[in-house]
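Inside the fold
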Amino acid sequence: MIRISGLSVSYGAVRALRDVSLDVPTGQITAVIGANGAGKTTLLRAISSLVRPAGGSIDFDGTELVGMRTEEVARHGIGHVPEGRGVIEEFTVLENLRLGALHGRGKLAAGLETQFELFPALASRRKQHAGTLSGGERQMLAMARALIGEPSVLLLDEPSLGLAPIVTRDVMMTIRALCVDRGLTVVLVEQNAMSALQVADRAVVLHLGVVAADDRAEVVRADENLRHYYLGTAS
Ligand SMILES: Nc1ncnc2c1ncn2[C@@H]1O[C@H](COP(=O)(O)OP(=O)(O)OP(=O)(O)O)[C@@H](O)[C@H]1O
Ligand SMILES: [Mg+2]
């Protein structure tokens, strides 16, 4: 479990997160939803030690992550798929996966086979440049690249961004399967609240850097006020 307590992050005068506390239970999907600028990306960047918090603690199964180097956080089993996916377009699928394995904990050959089983669309495209993949395939590659390091926790930043609804659904079902079949712990950051809430176990709503709600996903999904005020979704 990741236990975040009193976390604050500022960029100069901008206070992106203010005294944020939440739990990420092991083996579950925790959705983090909220509008533009709510602080969702900052939360993931703080977990990965890509930004230095002004205060607070991020405890991962008894280990304090605040103050650790990013590589060290990865070595502790936290994988991060950034906003915009972060695959290298000029590299092939295989080369992107090899890069992902650099910081990993597992063996490359076995890891590659596992990823190609999980994402069969990538197997037939292993020599194709990532820049020529569809949006959905690129997202799958980004996830495979993080998973090849055998993390126990996966941080996903807006995996549905720019994807057609049917592809988004595919990606969400894949995330659900990773959690159910492999026991992966997932932090799923999404502006697309409804898609995330359909597969998540728990949901945290961030609004202007503070936690506006933290409950079971189905409770958040059913709460019209929350949807209206913080999520901008009518359905
Ligand atoms: N590098 C930065 N320098 C200055 N301000 C930043 C920086 N990164 C983010 N911010 C500010 O911090 C706040 C939170 O940003 P963040 O990117 O975490 O939000 P978000 O919820 O991920 O938004 P989006 O849905 O648009 O991705 C915003 O006000 C943003 O403008
Ligand atoms: Mg963001």
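Residues numbered from 1 in each chain as written. Chains lettered and ligands numbered in written order. Predicted model: local features only at pLDDT ≥ 70, side-chain atom pairs only at ≥ 80, totals over all residues. Heavy atoms only, no water.

Next up on the list: the site of ligand 1. Taken together, 14 residues lie near ligand 1, and N36, K40, T41, T42 and E83 sit nearest. G39 places a polar main-chain atom, nitrogen or oxygen, 3.0 Å from an oxygen atom of ligand 1. In the model, an oxygen atom of ligand 1 is placed 2.8 Å from a nitrogen or oxygen of the T41 side chain. The set of elements that each furnish at least two residues to the shell around ligand 1 consists of β2 (14-24) and α1 (40-47). The element that contributes the greatest number of residues to the shell around ligand 1 is α1, accounting for three residues. Split into classes, the residues belonging to the shell around ligand 1 amount to five nonpolar, six polar and three charged. (Near = heavy atom within 4 Å. Polar contact = N/O pair within 3.5 Å; in protein donor to acceptor, adjacent residues only side chain to side chain. Helix = DSSP H or I, 4+ residues; strand = E, 2+ residues; numbered from the N terminus. Nonpolar A, V, L, I, M, F, W, Y, C, P; charged D, E, K, R; others polar.)

Moving on: the coordination of the magnesium ion (ligand 2). T41 (OG1) and E83 (OE) make up the full set of protein donors to the magnesium ion (ligand 2), lying at 2.0 to 2.7 Å. Taken together, the residues span a long stretch of sequence, with T41 in helix α1 and E83 in the loop between β6 (78-81) and α3 (93-101) at a distance of 42 residues. Judged by relative accessible area, which is 22%, T41 ranks as partly exposed. (Donors = N, O, S within 2.8 Å, 3.2 Å for Na, K, Ca; no water. Buried < 20%, exposed > 50% of the residue type's maximum accessible area, 1.4 Å probe, protein only.)

This brings us to unusual backbone geometry. A positive phi angle is found at D19, which is not glycine, with a value near 55°. For D19, the position within the fold is in strand β2. Here E150, not a glycine, exhibits a phi torsion of approximately 55°, which is positive. By the secondary structure assignment, E150 is in the loop between α6 (135-147) and β7 (153-157). For E150, a relative accessible area of 44% translates into the label partly exposed.

For the rest of this paragraph, the subject is the packing of α3 against α6. Contact geometry for α3 and α6: axes closest at 7 Å, N-to-C directions at 35°. The chirality of how α3 crosses α6 is right-handed. Facing V93, N96, L97 and G100 of α3, the residues of α6 in contact are L141, A144 and R145. Here the contact of α3 with α6 is composed, by residue class, of four nonpolar, two polar and one charged. (Axes fitted to C-alpha atoms, helices over the stretch in contact; angles between N-to-C directions. Left-handed = near helix turned anticlockwise from the far one by under 90°. Contact = heavy atoms within 4.5 Å.)

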